[in-house]
Amino acid sequence: DTEVTQTPKHLVMGMTNKKSLKCEQHMGHRAMYWYKQKAKKPPELMFVYSYEKLSINESVPSRFSPECPNSSLLNLHLHALQPEDSALYLCASSHVTYRGTEAFFGQGTRLTVV
Amino acid sequence: AQTVTQSQPEMSVQEAETVTLSCTYDTSESDYYLFWYKQPPSRQMILVIRQEAYKQQNATENRFSVNFQKAAKSFSLKISDSQLGDAAMYFCAYSPTNTNAGKSTFGDGTTLTVKP
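Residues numbered from 1 in each chain as written. Chains lettered and ligands numbered in written order. Predicted model: local features only at pLDDT ≥ 70, side-chain atom pairs only at ≥ 80, totals over all residues. Heavy atoms only, no water.

Peer 1: Looking at this model, I keep getting lost on the overall build of chain B. Mind explaining?
Peer 2: Along its length, chain B carries zero helices and twelve strands. Going from N to C terminus, chain B has its helices and strands arranged as β-β-β-β-β-β-β-β-β-β-β-β. Computed over C-alpha atoms, the radius of gyration of chain B comes to 14 Å, within 12% of the 13 Å expected from 2.2 N^0.38 for 116 residues, which places it in the range of a compact globule. For chain B, the C-alpha atoms occupy an extent of roughly 40 × 25 × 20 Å along the three principal directions. Looking at the 116 residues of chain B, the share that counts as buried comes to 52%. Long-range contacts, defined here as pairs at least 24 residues apart, represent 55% of the contacts in chain B between residues at least 6 apart. Summed over all atoms, the accessible surface of chain B reaches about 5,400 Å², with 43% contributed by carbon and sulfur. Across chain B, the 10 positively charged side chains and the 11 negatively charged ones have centroids separated by 4 Å. (Helix = DSSP H or I, 4+ residues; strand = E, 2+ residues; numbered from the N terminus. Rg over C-alpha atoms; globule rule 2.2 N^0.38 Å. Buried < 20%, exposed > 50% of the residue type's maximum accessible area, 1.4 Å probe, protein only. Contact = heavy atoms within 4.5 Å. Areas by Shrake-Rupley, 256 points an atom, 1.4 Å probe, with all protein chains shown as cover. Lys, Arg positive; Asp, Glu negative; His and termini not counted. Charge placed at Lys NZ, Arg CZ, Asp CG, Glu CD.)

Peer 1: Which parts of the structure should I look at to understand the environment of Gln8 of chain B?
Peer 2: All names here are of chain B. Along the chain, the position of Gln8 falls in the loop between β1 (3-5) and β2 (10-14). You can call Gln8 buried: its relative accessible area is 16%. The residues contacting Gln8, other than those within four sequence positions of it, are Thr20, Leu21, Ser22, Gly109 and Thr110. From its side chain, Gln8 meets the backbone nitrogen of Ser22 in a polar contact 2.7 Å long. (Polar contact = N/O pair within 3.5 Å; in protein donor to acceptor, adjacent residues only side chain to side chain.)

Peer 1: Just to check I follow, could you spell out unusual backbone geometry for this structure?
Peer 2: The phi angle of most residues is negative, glycine excepted, and most peptide bonds adopt the trans form. Put simply, Thr7 of chain A and Pro8 of chain A share a cis peptide bond, and its omega is -10°. Considering the arrangement of structural elements, one finds Pro8 of chain A in the loop between β1 (4-7) and β2 (10-13).

Peer 1: I'm lost on the sheet that holds β1 of chain A in this one. Help?
Peer 2: Either a parallel or an antiparallel arrangement is found when strands of a sheet pair, and the pairing is made through backbone hydrogen bonds. Residue and element names in this part refer to chain A. Spatial ordering of the open sheet is given by β1-β3-β8-β7, a layout of four strands whose pairing is antiparallel. In the strand order of this sheet, the two ends are held by β1 and β7 (64-70), each with one partner. Each adjacent strand pair in this sheet contributes to an overall mean axis angle of 20°, direction not counted. Relative to strand β8 (residues 73-79), β7 runs antiparallel, the two sharing five bridges. Bridge pairing in β8 links Ser65 to His77. (Pairing = 2+ DSSP bridges. Axes fitted to C-alpha atoms, helices over the stretch in contact; angles between N-to-C directions.)

What is shown is where atoms sit, not what they do.
What follows is the structure in structure tokens.
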């Protein structure tokens, strides 16, 4: 299984809503990532988890709250988002030991904030 | 800080022809990895090819090959016998060896159109 599965695929939420994005992988990867991607732009790294611990937070606003309940799951909790947060949110995973491996990406969640 | 530059925002190629996408990068490291990722309209980004900087031999994966020029810090992707399914956005990415793969530095991407 070389898949990273993200749910939901599409999400529309109001600025006062609370929602969560989910990401799952069963490749034994111990590094997991959240990215934000705007149209025709490269992905921007938001958070990195290594061995289920948050290792990098790229100065992301607190309205985005990541969670890694176990080595296979990664969540992104959303609260009080702004319209400019509308984007494709990608999850990825990789081995922590870097050499010779790449990141595996999910299909993303298309988020629209209204 | 490392930077990755893709100077061609858009490229087009006729089906069955060959196209080359350009990528340059800047680093002071001597050992690192370079990647080309493909992101079709279906959104999932997948690895096309990787190159290890300490290997002089250019990587090849079926119709995809790279021209890696370490001194020039250039890493171009050649797609031979282009197919309609090759239409996608292509990202060049750089990672030093002591960094998780997901923390790569990405270029701005090149959108490839394949004409039938």
